[in-house]
Structure formats: structure tokens, C-alpha cells
Amino acid sequence: MDTYDYVIVGGGMGADAAARGIRERDENGTIVVLSADVDEPYTRPALSKKLWTDPDFTDDQVPLGTADDTGAEIRLRTLVTEIDRARRTVSTDDGGEVGYRRLILVTGSRPHEVDAPDDERVLYFRSAADYRRLRQLARAGARIAVVGGGYIGTEIAAALVQNDVETDLVFRGAVLGADTFPPDLAARYEQLFADAGVHLIANRRADTVRAGDAAVVLVLDDGTELERDAVVLGLGVSPVADLAVAAGLEVDDDGGGVVDERLRTSDAAI
Ligand SMILES: Cc1cc2nc3c(=O)[nH]c(=O)nc-3n(C[C@H](O)[C@H](O)[C@H](O)COP(=O)(O)OP(=O)(O)OC[C@H]3O[C@@H](n4cnc5c(N)ncnc54)[C@H](O)[C@@H]3O)c2cc1C
């Protein structure tokens, strides 16, 4: 069994920041990042913005360079399934075990889902792999429905319509952005989307998605069916605290791990 000074569980921007933070204090401690993702840590915000709108920002600028800059070992496609606090080890889905002196949990969040098939044309947009998939689907003239009036939904709708995709945006509430902005600003915000050609569908939620050979069908809560080339769902996220809960660490009512002002959990080694 390999043992490291620092085992980081999760491979997002939090993992990158943790590795860099460790290196500021400890030049030589061994670090391993155990990540379920297929890509090394990358800048997630670019996936819904710059990569679609800034021709000077290219795919090679997405990775954060965590391994090169910090010397951390990064193990991809590696899901941590259990923490053994007494032995200070974690188990991984490939049957392995890794020992730690300090354990850092940065498992982030996972998207809310609806009843939808596991189909490559149905995306809960979160990862770089999702970005690559949507890029392939977002041919000029393709028809793509986006659900969700929050950041992910609106950013993806804006990205798609600027890349000549016929775009619908389904959202709760009467006016896009009404949860975030004062009424005048929300009205102007919504108008920008309408002017850009986004087909706005207000006061609706996604109910289910069905997959056919030629199209996917997005079924809304009033029974309306939209046949599209792809559907992107941006319905919010919840913290991933399964490991912390199973290990008996303190978790609050919102499902997030409870930490002190130095981000320590109820176990001083985590
Ligand atoms: C498209 C998009 C655009 C965004 N734009 C912005 C923005 O402009 N501004 C902003 O402030 N925020 C933005 N955000 C939110 C921001 O990216 C996140 O808050 C941030 O990435 C969180 O980082 P994290 O490392 O804590 O968690 P996450 O990014 O969720 O990463 C968690 C990682 O842990 C892995 N993981 C989970 N469980 C396990 C396990 N058991 N074993 C191993 N690995 C595991 C996951 O695979 C994932 O790689 C955006 C998010 C998205 C999806």
C-alpha cells in the first residue's frame, strides 16, 4: 500500500488549490490526487464561457498544470469509496488502498437530475468531458434545449446561440434572472437573450427526457414535448459528502461537511 503525506480526494479546482497551498508550506511532502474525473484539474468556469466566446482561449489553456507546478501525483478515473479513519487509509473503486498522514476532501458537488436516459445527447453540464460532448453536438443549425435559468443554463444558452445553434431556454418564473436581479435589470437581461435569438420558455420545469433514434424529447411539466438534437440540464447542484457522512464526520443540515476556521473537520487529520 502506498502512503502519502497528503491525500487529496477530488480532482477539481479545489484539489489544485489544495496542492498549491500545501506546497507554500511544505516543499517536500508527498501529495497524491485521487480523482474520479478523466481529466487533470482544469478551470471549470471556462467550460461555459471563454471556450465558446473567446477565439484566443483554446483547449490547451484549460488544464491548471497541478502536477507540473506542485509535483503532486494525479490518479485519474479513481473513485474513492471509503475512508478508514482508524487506519488512516482510503479505499478506491479499483480495489486499491492508499494511506494518508493528512486527508483533504474536495469532492465538490454533483448536479441535480431528472428522469432521463443515459444518452450522450442528454447532458448535466459539469465536466470538461461534457464540454467536449456538447461541442460535437453544437453544430451550426442544431436544435438544443437548455433547462435552468441559473448560471449554467443561461451561460450555456448564451454560448450556444452565439455559435449558431437554435437554442431554447426553459426556466422557472415569469422573467429570466428574476431570482438574481431587480425587476428592471431582469427584464433587460431577458431581452438580451430574446434579441440574440434564444427561444425563451418561462414558468416551466423539465419533467422527463426520452431518447429516440433521431432526437431526444424533453417533456415539460405541462406536458409540452420538445424534440431536439440534445438537451442540457442546469438544475443546480448538491454537495458530495457521502464519504464524510459514511466516515462519521460532522455534516450540517444542507449536506456539507462542518469545518473550523482552518477548514478542519471533526477529525484533525482530515
Ligand atoms: C460550467 C461551469 C462554470 C462555472 N463558472 C463559474 C464561474 O464563472 N465563477 C465561479 O465562481 N464558479 C463557477 N463555477 C463553479 C465552480 O467551478 C465550482 O464552484 C468549483 O469548480 C468547485 O470546485 P471543487 O474542486 O470544490 O469541486 P468540483 O469542481 O465539483 O470537483 C470535485 C471533483 O471531485 C471528484 N470527486 C467527487 N467525489 C469523488 C470521490 N469519491 N473520489 C474521487 N473523486 C471524486 C469529481 O469527479 C470532481 O473532479 C462553474 C461551474 C461549472 C460547472
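Residues numbered from 1 in each chain as written. Predicted model: local features only at pLDDT ≥ 70, side-chain atom pairs only at ≥ 80, totals over all residues. Heavy atoms only, no water.

1. Remarks on helix α5 (residues 151–161)
Since the α-helix turns once every 3.6 residues, residues separated by three or four places project in the same direction. Of all eleven residues making up α5, eight are buried, and the element is well covered by its neighbours. Turning to α5, its buried residues number three or more, namely Gly153, Thr154, Glu155, Ile156, Ala157, Ala159, Leu160 and Val161. The secondary structure elements touched by the buried residues of α5 are α2 (50–53), α4 (128–137), β9 (143–147), β10 (166–170), α6 (183–196) and β15 (230–233). (Buried < 20%, exposed > 50% of the residue type's maximum accessible area, 1.4 Å probe, protein only. Helix = DSSP H or I, 4+ residues; strand = E, 2+ residues; numbered from the N terminus. Contact = heavy atoms within 4.5 Å.)

2. Overview of the nonpolar core
Counting residues in hydrophobic clusters, the biggest one holds 29 residues, and the most contacted among them are Leu47, Leu134, Ile144, Leu160, Leu169 and Val232. It is α5 that contributes the most residues to this core, five residues altogether. Each of domain 1 (2–108 + 240–246) and domain 2 (112–233) contributes no fewer than three residues to this core. Setting aside its immediate chain neighbours within four residues, Ile144 contacts Leu134, Leu137, Ala138, Leu160, Val165, Glu166, Thr167, Asp168, Arg228, Ala230 and Val232. With 17 residues, the next largest nonpolar core counts Val9, Val80, Val98 and Ile270 among its residues. (Core = buried A, V, L, I, M, F, W, Y, C linked by side-chain atoms within 4.5 Å. Domains from an automatic or database assignment.)

3. Re the site of the ligand
Around the ligand, 25 residues are found, and the nearest of them are Gly14, Arg44, Lys49, Val80 and Arg126. A distance of 3.4 Å separates an oxygen atom of the ligand from a polar backbone atom of Gly11. Note that a nitrogen atom of the ligand is positioned 2.9 Å from one of the backbone N or O atoms of Val80. Surface burial for the ligand is 72%, taken as the share of its 990 Å² of free accessible area covered by protein chains. Here the residues of the shell around the ligand are counted per class, giving eleven nonpolar, ten polar and four charged. Formed jointly, the shell around the ligand draws a minimum of three residues from each of two domains, domain 1 (2–108 + 240–246) and domain 2 (112–233). (Near = heavy atom within 4 Å. Polar contact = N/O pair within 3.5 Å; in protein donor to acceptor, adjacent residues only side chain to side chain. Areas by Shrake-Rupley, 256 points an atom, 1.4 Å probe, with all protein chains shown as cover. Nonpolar A, V, L, I, M, F, W, Y, C, P; charged D, E, K, R; others polar.)

4. Remarks on the pattern of salt bridges
Counted by the stated rule, this structure contains 19 salt bridges. For the salt bridge of Arg85 with Asp267, the shortest nitrogen-to-oxygen distance reads 2.9 Å. Within this pair, whereas Arg85 is found in the loop between β4 (80–84) and β5 (89–92), its partner Asp267 is found in the segment after α7 (242–246), the two being separated by 182 residues in sequence. Among the residues examined, Asp267 registers a relative accessible area of 12% and is labelled buried. Residue Asp168 is joined to Arg228 by a salt bridge in which the shortest nitrogen-to-oxygen separation is 2.6 Å. Separated by 60 residues along the polypeptide, Asp168 in strand β10 and Arg228 in strand β14 (residues 225–228) bring together distant segments of the chain. (Salt bridge = Lys/Arg side-chain N within 4 Å of Asp/Glu carboxyl O.)

5. Things to note about the environment of Ile152
Of note, Ile152 is situated in helix α5. In this structure the C-alpha to C-alpha distance between Ile152 and Gly236, which are 84 residues apart in sequence, comes to 8.3 Å.

6. Focus on α6
Between its first and last C-alpha, α6 extends 20 Å over 14 residues, near the 20 Å set by a 1.5 Å rise per residue. Residue Gly197 follows α6 closely and has a positive phi angle near 100 degrees. (Expected span 1.5 Å × (residues − 1).)

7. Description of the domain arrangement of the chain
We note that the domain assignment places domain 1 (2–108 + 240–246) and domain 2 (112–233) within the chain. One C-alpha centre belongs to domain 1, the other to domain 2; they are set 30 Å apart. With twelve residues of domain 1 in contact, the opposing surface of domain 2 contributes 16 residues. For the pair domain 1 and domain 2, the summed buried area comes to about 1200 Å², and 60% of that belongs to carbon and sulfur atoms. When the area that domain 1 buries against domain 2 is broken down by residue, the three leading residues are Leu47, Ser48 and Trp52, summing to 53%. Summed over the shared surface of domain 1 and domain 2, the number is two salt bridges. A salt bridge links Arg132 to Asp39, with the nearest nitrogen and oxygen atoms 2.9 Å apart. At the surface where domain 1 touches domain 2, the tally comes to seven residue pairs in polar contact (both at pLDDT 80 or more). (Buried area = accessible area lost by both parts, 1.4 Å probe.)

8. Quick notes on the sheet that holds strand β2 (residues 31–34)
Two modes of strand pairing occur in sheets, parallel and antiparallel, and in both the strands are linked by backbone hydrogen bonds. Ordered in space as β3-β2-β1-β6-β5-β4, the six strands form an open sheet in which the pairing is mixed. Only two strands of the sheet have a single neighbouring strand rather than two, namely β3 (73–75) and β4. Neighbour to neighbour, the strand axes of the sheet diverge by 40 degrees on average, direction disregarded. Of the strand pairs in this sheet, β5 and strand β6 (residues 97–105) are connected by three bridges, and their pairing is antiparallel. Looking at the pairing, Thr89 lines up with Gly99 of β6. Those strands touched by helix α1 (residues 13–25) are β1 (2–9), β2 and β6, and its axis lies near 130 degrees from that of β1. (Pairing = 2+ DSSP bridges. Axes fitted to C-alpha atoms, helices over the stretch in contact; angles between N-to-C directions.)

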